[in-house]
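Here is what each chain is made of, one letter per residue.
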Amino acid sequence: MAAVILSFPTLQGLRIFTQKLSWTKRGVRFVSGEVGRIEKVLIANRGEIACRVMRTAKKMGVRSVAVYSDADRDSMHVAMQSYLSMEKVLEVAKKSGSHAVHPGYGFLSENTEFAEACKQEGIIFIGPPSSAIRDMGIKSTSKYIMSAAGVPIIGGYHGEDQSNERLQAEAAQIGFPVMIKAVRGGGGKLESARREARKSFNDDVMLVEKFVEDPRHVEVQVFGDMHGNVVYLFERDCSVQRRHQKIIEEAPGVRRKLGEAAVKAAKAVNYVGAGTVEFIMDAQHNFYFMEMNTRLQVEHPVSEMITGTDLVEWQLRVAAGERLPLLQDDIILRGHSFEARIYAEDPNNDFLPGAGPLLHLSTPAADQHTRIETGVREGDEVSAHYDPMIAKLVVWGEDRSAALKKLRYCLRQYNIVGLNTNIDFLLSLSGHPEFEAGNVTTSFIPQYYADLFPAPRAPSGETICQAALGLVLQERRHTQEFVQASSDPFSPFGSSSGWRSNIQYNRNMTLQLGDKKVEVVVGYSKDGSYTMQLGEEVYHVTGEVELEGGASFLHCSVNGVKSRPKLVILDSTVHLFSTEGSAQVSVPVPKYLAAVSGAGAQGGAVAPMTGTIEKVMVKAGDTVAVGDALMVMNAMKMEHTIRAPKAGVIKRVFFSEGSQANRHAPLIELEEEEEVEEGSSQ
């Protein structure tokens, strides 16, 4: 692990009021009679949250130290072997003279041992006391504490007998449906949940709870200081989820004494710093404690937007011993905010996470009411080793309707080429009538699946004409560049106008739309316009490419209808982005090249993404049917079952359990049974 010290101008540091500290090259030491300051903070995280913390640190005049892995060497937040290595993080903190460590979220942010290790080394852990992390990190313990504090909880089994038989018996007694969870996090089917818990937490103790059908997932942002003050900054509705993970959040949500209950929960464990108390709420607005996240949440920006606060600044100040900047009566709710998580994933393939380069990236302009929390730039690669989130788009409006309109407007301006994203899905989701009405539950996506995943529509004739125009204009620009570089300005190779003496020049252009090819006859007119014929339809087309803010826009007219889509042409593929949506039109790849590019996928199963082989279910010689499970891959904290694409006999298994497979790598070679029989008869 390496360290990069980002030297920001040091203004006044953060005074330590409740504890007397002395500063050494190793950090902070607790002594008496002196006052210390936080002047340098190590950020033990990556990506957008690392960038987020750095911005606030810079604003406050606190220097930042960034850590990174080899996989992140060129990342935006640097520009980790493992971000889970406590020893390496502490070693870098001491060597860099950091006074505090900000863990961000994930990784070490809720690690009791790390919080205690920081304390032992005299380094401030910017988070709650280790006792609060421990109490709230074990779900069965937190349930007992919450019940004693008067916070509503759901009944269930949290006992010591952890045999599968006892858990199944308790589930039957509680009454189905039930929810099975690891006490330290995660959830799912019993065996899968145990396996995930062992791998992530080295602890497979489970609890069983009554399952509340179609609930809302509502959480409350709380904040405590070292002086006994705890406040809530209203609530967030995080009901809409895929793969049991949040995808879009908003604030405020449905307020029914949630704030007071959340403060009770925080005070019950003497909480200090930023935390989130999560509840589930039924259709009658009864709410029940679910868990407490003892860290800053991914979705904290929506709480900041509606309260005008900077929660990272609050973290730094509270960690230094200051009182909360605002007490409860001082916190004023203003407007409404949405956060949309933009992921590299394929919503049409069960939200399969993706990885790869951001060949083109353009975003809406950030302003007072629009925030883009990201850790990547155009040209960066979304890593297969970490969460596939590209950015968080956060917007604010005077009310929910205004904020939702702004969210959809900004999503239209968020354009990415190079990998699959969920942007179109977010547009479909945020435009659904029930979402617009605020009628959301955790089952929203499966409930309205048909609406949210409509059958893909072929690009219209107008869109095809725009794509063809974009290719023609690109060709013209390349020709002009050739002429400028040539010593013969009158070379016949320097003309792309299609001029002919007595006739109009026509050319045939073949375009690829998904699996279909379309023939376009392009006619060059003397006035610089074009006619384009698709089948029986003829279109009159004019236009030019305009550059604005580093992006190309196609200012065009098709049959008199003017438009100005954003134009991106990469690898013979035209990408068009407009307020009406996005489209992709390609120039077909020659057959001899297509055969080469598709060779790796023939004859067996391939890895849909980079990941670890968790389990191998077959061996050479086994006979399988279409859809049979072959392997289980683990990638980005999710398990993916690899199934047989066809019936046949396993010829070869290329990977063993525990090994790493790259995206598109052949996993298993299959022979069809007919091929095997023919081979044996010979």
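Everything numeric here is computed off the predicted structure, so don't read it as measured data.

The rules behind each value
Residues numbered from 1 in each chain as written. Predicted model: local features only at pLDDT ≥ 70, side-chain atom pairs only at ≥ 80, totals over all residues. Heavy atoms only, no water. Buried < 20%, exposed > 50% of the residue type's maximum accessible area, 1.4 Å probe, protein only. Helix = DSSP H or I, 4+ residues; strand = E, 2+ residues; numbered from the N terminus. Pairing = 2+ DSSP bridges. Phe/Tyr/Trp six-rings, centres within 6.5 Å; stacked < 30°, edge-to-face > 60°. Lys NZ or Arg CZ within 6 Å of the ring centre and 35° of its normal. Axes fitted to C-alpha atoms, helices over the stretch in contact; angles between N-to-C directions. Parallel < 35°, antiparallel > 145°, perpendicular 65-115°, else oblique. Contact = heavy atoms within 4.5 Å. Nonpolar A, V, L, I, M, F, W, Y, C, P; charged D, E, K, R; others polar. Disulfide = S-S within 2.5 Å. Salt bridge = Lys/Arg side-chain N within 4 Å of Asp/Glu carboxyl O.

Re helix α9 (residues 300-307)
- With respect to burial, α9 is a largely interior element, eight of its eight residues being buried.
- What α9 keeps buried is the set H300, P301, V302, S303, E304, M305, I306 and T307.
- Two residues or fewer past α9, G308 is found with a positive phi of approximately 65°.

Here's the deal with the sheet that holds strand β43 (residues 648-653)
- If you trace the four strands from one edge of the open sheet to the other, you get β38-β45-β43-β40, paired in antiparallel fashion. Each having just a single partner strand, β38 (604-606) and β40 (623-624) make up the two edges of the open sheet.

Quick word on the packing of aromatic side chains
- One pass over the full model with this rule turns up twelve aromatic pairs.
- Between Y232 and F234, the ring centres sit 6.0 Å apart and the planes meet at 90°, which makes this aromatic pair edge-to-face.
- Ring geometry for Y449 versus F453: centroids 4.3 Å apart, planes at 25°, classification stacked.
- Chaining the aromatic ring pairs together yields one cluster made of F338, F435, F444 and Y448.
- When the ring centre of F553 is taken as reference, the NZ or CZ atom of R564 above it lies at 4.3 Å.

Points about the packing of helix α4 (residues 130-137) against helix α5 (residues 139-149)
- Put simply, α4 and α5 touch, their axes get as near as 5 Å, and they point 100° apart. Here α5 runs roughly perpendicular to α4, going by the angle between their axes. Each of D135, M136 and G137 in α4 lies in contact with α5, whose residues at this interface are K139, T141, S142, I145 and M146.
- A breakdown of the residues in the contact of α4 with α5 according to their chemical character gives three nonpolar, three polar and two charged.

Focus: the state of the cysteines
- The final tally for this structure, using the stated rule, is zero disulfides.
- Free of any disulfide, C556 has its nearest neighbouring cysteine sulfur in C465, separated by 9.4 Å.
- The class of C556 is buried, set by a relative accessible area of 3%.

Points about the pattern of salt bridges
- Summed over all chains, the structure comprises 35 salt bridges.
- In this structure, E304 engages R52 in a salt bridge whose closest nitrogen and oxygen atoms are separated by 2.7 Å.
- Note on R52: relative accessible area 5%, which makes it buried.
- Connected through salt bridges with shared partners, the residues R52, R55, K59, E304, D310, E313, R317, E322, R371 and E373 form a single ionic network.

Digging into unusual backbone geometry
- Here A251 and P252 are connected by a cis peptide whose omega angle stands at -5°.
- Along the chain, P252 turns up in the loop between β17 (248-251) and α8 (258-268).
- One non-glycine residue, F107, adopts positive backbone phi at about 45°.
- Tracing the backbone shows F107 in the loop between β8 (100-102) and α3 (112-120).
- Even without being glycine, D350 reaches a positive phi, approximately 60°.
- With respect to the helices and strands, the residue D350 is situated in the loop between β21 (345-346) and β22 (352-353).

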